[in-house]
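Residues per chain, in single letters:
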Amino acid sequence: MTAEYVIAAPVIASVAARAAAETAGVVRLEPGLRGLATAWTRAARQRWKGLEPAPADGVRVRAHEDSLTVEVDVVISGADQAAAVGRAVQLAVFREVLAQTGRSVDAVRVSILDIEVGRQ
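The sections below set out a description of the structure shown in this document. (Residues numbered from 1 in each chain as written. Predicted model: local features only at pLDDT ≥ 70, side-chain atom pairs only at ≥ 80, totals over all residues. Heavy atoms only, no water.)

**Comments concerning the nonpolar core**
In this structure, Val59, Val70, Val72, Val93 and Val97 are the most contacted members of the largest nonpolar core, which totals 23 residues. Elements supplying a minimum of two residues to this core: helix H1 (9-21), strand E1 (26-29), strand E2 (59-64), strand E3 (67-77) and helix H3 (82-101). Top element by residues in this core is H1. It accounts for 7 residues. With sequence-adjacent residues up to four places away left out, Val93 is seen in contact with Ala16, Ala19, Ala20, Val70, Val72 and Val108. (Core = buried A, V, L, I, M, F, W, Y, C linked by side-chain atoms within 4.5 Å. Buried < 20%, exposed > 50% of the residue type's maximum accessible area, 1.4 Å probe, protein only. Helix = DSSP H or I, 4+ residues; strand = E, 2+ residues; numbered from the N terminus. Contact = heavy atoms within 4.5 Å.)

**Here's the deal with the side chain of Thr69**
Its location among the elements puts Thr69 in strand E3. Judged by relative accessible area, Thr69 falls into the buried class, the value being 11%. Here Thr69 is in contact with Arg60, Val61, Arg62, Ala107 and Arg109, once residues within four sequence places are set aside.

**Remarks on the packing of H1 against H3**
Interhelical geometry of H1 versus H3 gives an angle of 135° and a closest axis separation of 8 Å. By the angle between their axes, H1 is oblique relative to H3. Classified by chirality, the crossing of H3 by H1 is right-handed. Of the residues in H3, those touching H1 at Ile12, Val15, Ala16, Arg18, Ala19 and Ala20 are Val89, Ala92, Val93, Glu96, Val97, Gln100 and Thr101. Classifying every residue of the contact of H1 with H3 by side-chain character gives 9 nonpolar, 2 polar and 2 charged. (Axes fitted to C-alpha atoms, helices over the stretch in contact; angles between N-to-C directions. Parallel < 35°, antiparallel > 145°, perpendicular 65-115°, else oblique. Left-handed = near helix turned anticlockwise from the far one by under 90°. Nonpolar A, V, L, I, M, F, W, Y, C, P; charged D, E, K, R; others polar.)

**Here's the deal with the pairing of strand E4 (residues 107-116)**
Across 9 bridges, E3 lies against E4 in parallel orientation. Within the sheet, the bridge partner assigned to Ser77 lies in E4 and is Glu116. For the crossover from E3 across H3 to E4, the handedness is right-handed. (Pairing = 2+ DSSP bridges. Right-handed = clockwise from strand over helix to strand, strands pointing away.)

**Regarding the environment of Thr101**
Tracing the backbone shows Thr101 in helix H3. Residue classification places Thr101 among the buried positions, given a relative accessible area of 14%. Each C-alpha atom of the pair Thr101 and Val15 lies 8.5 Å from the other, and the pair is 86 residues apart in sequence. Not counting residues up to four positions away in its chain, the partners in contact with Thr101 are Ile7, Ile12 and Val15. Polar side-chain contacts of Thr101 include one of 2.5 Å to the backbone oxygen of Val97. Polar contacts involving the side chain of Thr101 include one to the main-chain amide nitrogen of Arg103, which spans 3.1 Å. (Polar contact = N/O pair within 3.5 Å; in protein donor to acceptor, adjacent residues only side chain to side chain.)

What follows is the structure, encoded as structure tokens:
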């Protein structure tokens with residue numbers, strides 16, 4: 001008998017959110033307008049099921065058959081180079097999602113929504 005495990009998108013989003021938030025140069029994840037609607041819907045659905053929603057603000061997961069795309073919206077420190085922080089977030093999300101879920105990510109799209117000048 002073979003068992004098949006399915007990792008739901010909210011779990012992947014939570015893992016990706018933690019990886020991105022812990023990346024040097026990231027001040028916080030920022031859901032943006034599109035992310036707010038997604039997060040509110042996901043949280044409402046989970047609460048309706050009696051589950052405590054995992055923090056995943058600022059992260060969206062798109063799964064299509066065998067492909068997996070993660071979109072991350074962040075605010076970074078003005079003390080860091082934006083491109084370097086974006087690449088570090090991509091790498092952290094790729095690694096952590098694979099390590100925690102066994103799913104490989106095809107693409108990580110990082111949007112830097114703001115840069116906080118004077119923030120270290």
